[in-house]
Amino acid sequence: GAPTLRLGAGPLGRYYSQTLTRTDASRIASAAYQGERTFSAWAVGGQLLVGVRVPLGTPNVFLGVNLSGELLGSRLEGTLSALWSANTNLEGGFRF
C-alpha cells in the first residue's frame with residue numbers, strides 16, 4: 001500500500017534507418033538521378049530511470065510518473081556525436 005520508488009540504469013543500443021523518396025522520383029529516373037536514398041546509423045550508450053508509483057485506494061490500482069534520460073554516441077558524417085534525450089511519462093494501471 002505504500003508508494004514504490006523505481007530506479008534503473010543500463011546499456012542501450014539503437015538502430016536508426018530513414019528512406020527519403022522524392023515526389024518526382026519517376027520523372028528524374030529517366031535522367032539517371034536517384035529518386036530514393038537510405039540513411040542508417042547505430043547508436044550505443046546508457047539510460048537512467050527514476051519513477052514512483054502510488055496506490056489509489058487499493059494496492060492493485062496505481063498511478064505513476066517516470067523520468068528517464070538517455071545518452072548515446074553515434075558516428076554521424078564521419079565524427080562521433082552525442083545524442084541525448086530526456087522523457088517523462090504518466091502511467092496508470094492495475095496489478096494482478
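Whatever comes next refers back to the structure up there.
The notes below deal with the structure included here.

Details of the sheet that holds strand S2 (residues 36-56)
Ordered by their spatial adjacency, 4 strands build an open sheet running S1-S2-S3-S4, and the pairing between neighbours is antiparallel. Each edge of the open sheet carries a strand with a single partner, namely strand S1 (4-21) and strand S4 (79-94). Within this sheet the neighbouring strands show an average axis-to-axis angle of 20°, counted without direction. By the bridge criterion, 18 bridges tie S1 to S2 in an arrangement that is antiparallel. Residue pairing across strands places Leu-5 opposite Val-52, the latter belonging to S2.

Observations regarding the pattern of salt bridges
Under the definition given, this model contains 4 salt bridges. In this structure, Glu-91 and Arg-53 form a salt bridge, with 2.9 Å as the shortest nitrogen-oxygen distance. Remark: Arg-53 occurs in strand S2 and Glu-91 occurs in strand S4; sequence separation between them is 38 residues. For Glu-91, a relative accessible area of 18% puts it in the buried group. Judged by its relative accessible area of 22%, Arg-53 is partly exposed. Connected via shared salt-bridge partners are Arg-6, Arg-53 and Glu-91.

What about the environment of Glu-70?
Its place among the elements puts Glu-70 in strand S3 (residues 58-76). On the accessibility criterion, Glu-70 (16% relative accessible area) is buried. Distance from Glu-70 to Leu-12, taken between C-alpha atoms, is 8.1 Å for residues 58 residues apart in sequence. Aside from chain neighbours lying at most four places away, what touches Glu-70 is Leu-12, Arg-14, Gly-46, Gln-47, Leu-83, Trp-84 and Ser-85. For Glu-70, the side chain forms a polar contact with the side chain of Arg-14, separated by 2.5 Å.

As for the environment of Val-65
Among the structural elements, Val-65 can be located in strand S3. A residue is classified by how much of its surface remains accessible, and Val-65, at 35% relative accessible area, is partly exposed. As for Val-65 and Val-52, which are separated by 13 residues in sequence, their C-alpha atoms are 5.7 Å apart. Ignoring sequence-local partners within four residues, the contact set of Val-65 consists of Val-50, Gly-51, Val-52, Thr-88 and Asn-89.

Conventions and cut-offs
- Residues numbered from 1 in each chain as written.
- Predicted model: local features only at pLDDT ≥ 70, side-chain atom pairs only at ≥ 80, totals over all residues.
- Heavy atoms only, no water.
- Pairing = 2+ DSSP bridges.
- Helix = DSSP H or I, 4+ residues; strand = E, 2+ residues; numbered from the N terminus.
- Axes fitted to C-alpha atoms, helices over the stretch in contact; angles between N-to-C directions.
- Salt bridge = Lys/Arg side-chain N within 4 Å of Asp/Glu carboxyl O.
- Buried < 20%, exposed > 50% of the residue type's maximum accessible area, 1.4 Å probe, protein only.
- Contact = heavy atoms within 4.5 Å.
- Polar contact = N/O pair within 3.5 Å; in protein donor to acceptor, adjacent residues only side chain to side chain.

Coordinates in, geometry out; function isn't part of it.
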